[in-house]
Amino acid sequence: MSLPATDLPTMPAIRIAPSILSADFARLGEEVRAIEAAGADLVHFDVMDNHYVPNLTIGPLVCEAIRPHVQIGIDVHLMVEPVDALIPLFAKAGANLISFHPEASRHVDRTLQLIRDHGCKAGLVFNPATPLSFMDHVMDKLDLVLLMSVNPGFGGQKFIPSTLDKLRAARRRIDAVKAETGRDIWLEVDGGVKVDNIAEIVAAGADTLVAGSAVFGAPDNDGGYRNVMQTLRQNASPHAPSLRESLPPEGARSQLGAARR
Ligand code: DX5
Ligand code: ZN
């Protein structure tokens, strides 16, 4: 049974995407269930190949393994080179968004189209030193712009302050597309997002916040992440209702989760 539109809970204006890079990999199913229960909007899934970045993490098999544990979307951040061969594998494994670094693909436009052809939302990721001009000729194929606020490869690094100006510049480009076409492009930030800087990051224009060590490093006494998620959300949008009030009842939440996938 679907809810009438008037009964639907207000969706948060800000999306919070905990990065499982800082989760306990030996209990990954439990960890993703805990962040969903705490109100996470997405699972951020960092894929590193020890080639594009100097670290090695998780691939499509792990994505497939966690997929049945949550209903929220899986936001796959590919830090790999080359990119294309992994796209069908992650789409099949249940990814909802797939983003990649333009330096890692010979044909950025083709890779974006490939992601969309496989039924996922497509994103482009900008390293701290990567100019925003990489998005100029592919705006029509972008669903997500992800600005790295650290150099990719590791969790737990410090937020690079110049990202704030870059965010404002990216927000202007995205708003221009919205004004011209009515199309929404998400603006995500990844790296060093904490309870004490999330407000200024949102003020600079971000609407989707990745947080790894800030979330998984601050468990509740029962191993959940409700307190830190609530603080992040309240600091991000101080005038929004508290997490507990804004969370829909279980049934409605399941339907929303399904609708987002
Ligand atoms: C870095 C990853 C990030 C990272 C964020 O290469 O893309 O997603 O896990 O971690 P924190 O929030 O700890 O900076
Ligand atoms: Zn990431």
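Residues numbered from 1 in each chain as written. Chains lettered and ligands numbered in written order. Predicted model: local features only at pLDDT ≥ 70, side-chain atom pairs only at ≥ 80, totals over all residues. Heavy atoms only, no water.

This brings us to the overall build of the chain. The helix and strand tally for the chain stands at 10 helices and eight strands. Each of the 261 residues in the chain was classed as buried or not, and the buried ones make up 52%. Across the chain, every contact between residues at least 6 apart in sequence was considered, and the portion connecting residues at least 24 apart equals 64%. (Helix = DSSP H or I, 4+ residues; strand = E, 2+ residues; numbered from the N terminus. Buried < 20%, exposed > 50% of the residue type's maximum accessible area, 1.4 Å probe, protein only. Contact = heavy atoms within 4.5 Å.)

The protein atoms donating to the zinc ion (ligand 2) are His44 (NE2), Asp46 (OD), His77 (ND1) and Asp190 (OD), with metal-donor distances spanning 2.0 to 2.2 Å. Coordination geometry of the zinc ion (ligand 2): the six donor atoms subtend angles of 66 to 168° at the metal centre, consistent with an arrangement described as octahedral. Each donor residue of the zinc ion (ligand 2) belongs to the same chain, with the gaps between them written as H-x1-D-x30-H-x112-D. Residue histidine 44 is classed as buried on the basis of its relative accessible area, which comes to 0%. The exposure class assigned to aspartate 46 is buried, which follows from its relative accessible area of 5%. (Donors = N, O, S within 2.8 Å, 3.2 Å for Na, K, Ca; no water. Tetrahedral: all angles 85-135°; square planar, octahedral: opposite > 155°, others 65-115°.)

Once that is clear, we can look at the nonpolar core. By size, the foremost hydrophobic cluster in this structure holds 74 residues, and its most contacted members are Ile20, Phe45 and Leu78. In terms of residues, this core owes the most to one element, helix α5 (residues 163-181), which gives five residues. Counting six residues, the second-largest nonpolar core is a separate cluster that includes Ala17, Leu97, Leu144 and Val210. (Core = buried A, V, L, I, M, F, W, Y, C linked by side-chain atoms within 4.5 Å.)

Moving on to the environment of valine 83. Turning to its location among the elements, valine 83 is positioned in the loop between β3 (73-79) and α3 (86-92). Looking at valine 83, the relative accessible area reads 1%, which means it is buried. For valine 83 and serine 105, which are 22 residues apart along the polypeptide, the C-alpha to C-alpha distance reads 6.0 Å.

Tallied over the full model, the rule gives two cavities of 30 Å³ or more. By volume, the largest cavity is sized at about 200 Å³. Forming the boundary of the largest cavity are 24 residues, of which Phe154, Gly155, Gly156, Asp190 and Gly191 lie nearest the centre. For the lining of the largest cavity, the secondary structure elements donating two or more residues are β2 (42-48), β8 (208-211) and α7 (213-216). Broken down by class, the residue content of the lining of the largest cavity amounts to 11 nonpolar, 10 polar and three charged. (1 Å grid on protein atoms, 1.4 Å probe; cavity = no way out; pocket = protein on both sides within 12 Å on 5 of 7 lines; lining within 4 Å. Points joined across faces, edges and corners; volume = space filled by probe spheres on them. Nonpolar A, V, L, I, M, F, W, Y, C, P; charged D, E, K, R; others polar.)

Let's shift gears to helix α8 (residues 226-236). Listed as buried for α8 are Val228, Met229, Leu232, Arg233 and Ala236. Looking down the long axis of α8, one finds its buried residues gathered within 130° of arc, a one-sided arrangement. (Arc of directions from axis to C-beta.)

On to the site of ligand 1, then. Near ligand 1 you find 20 residues, and of these Asp46, Gly156, Asp190, Gly212 and Ser213 are the closest. The separation between an oxygen atom of ligand 1 and a polar side-chain atom of histidine 77 is 3.3 Å. Side-chain polar atom of serine 213 to an oxygen atom of ligand 1: 2.5 Å apart, as the coordinates give it. Contact with the protein chains removes 100% of the 380 Å² of surface that ligand 1 exposes when unbound. The cavity where ligand 1 resides is the largest cavity. Looking at the shell around ligand 1, the element that brings in the most residues is β2, giving three residues. For the shell around ligand 1, the class distribution of residues is eight nonpolar, 10 polar and two charged. (Near = heavy atom within 4 Å. Polar contact = N/O pair within 3.5 Å; in protein donor to acceptor, adjacent residues only side chain to side chain. Areas by Shrake-Rupley, 256 points an atom, 1.4 Å probe, with all protein chains shown as cover. Sits in = over half its atoms within 2 Å of the grid points.)

Any functional reading would require information that these geometric values do not contain.
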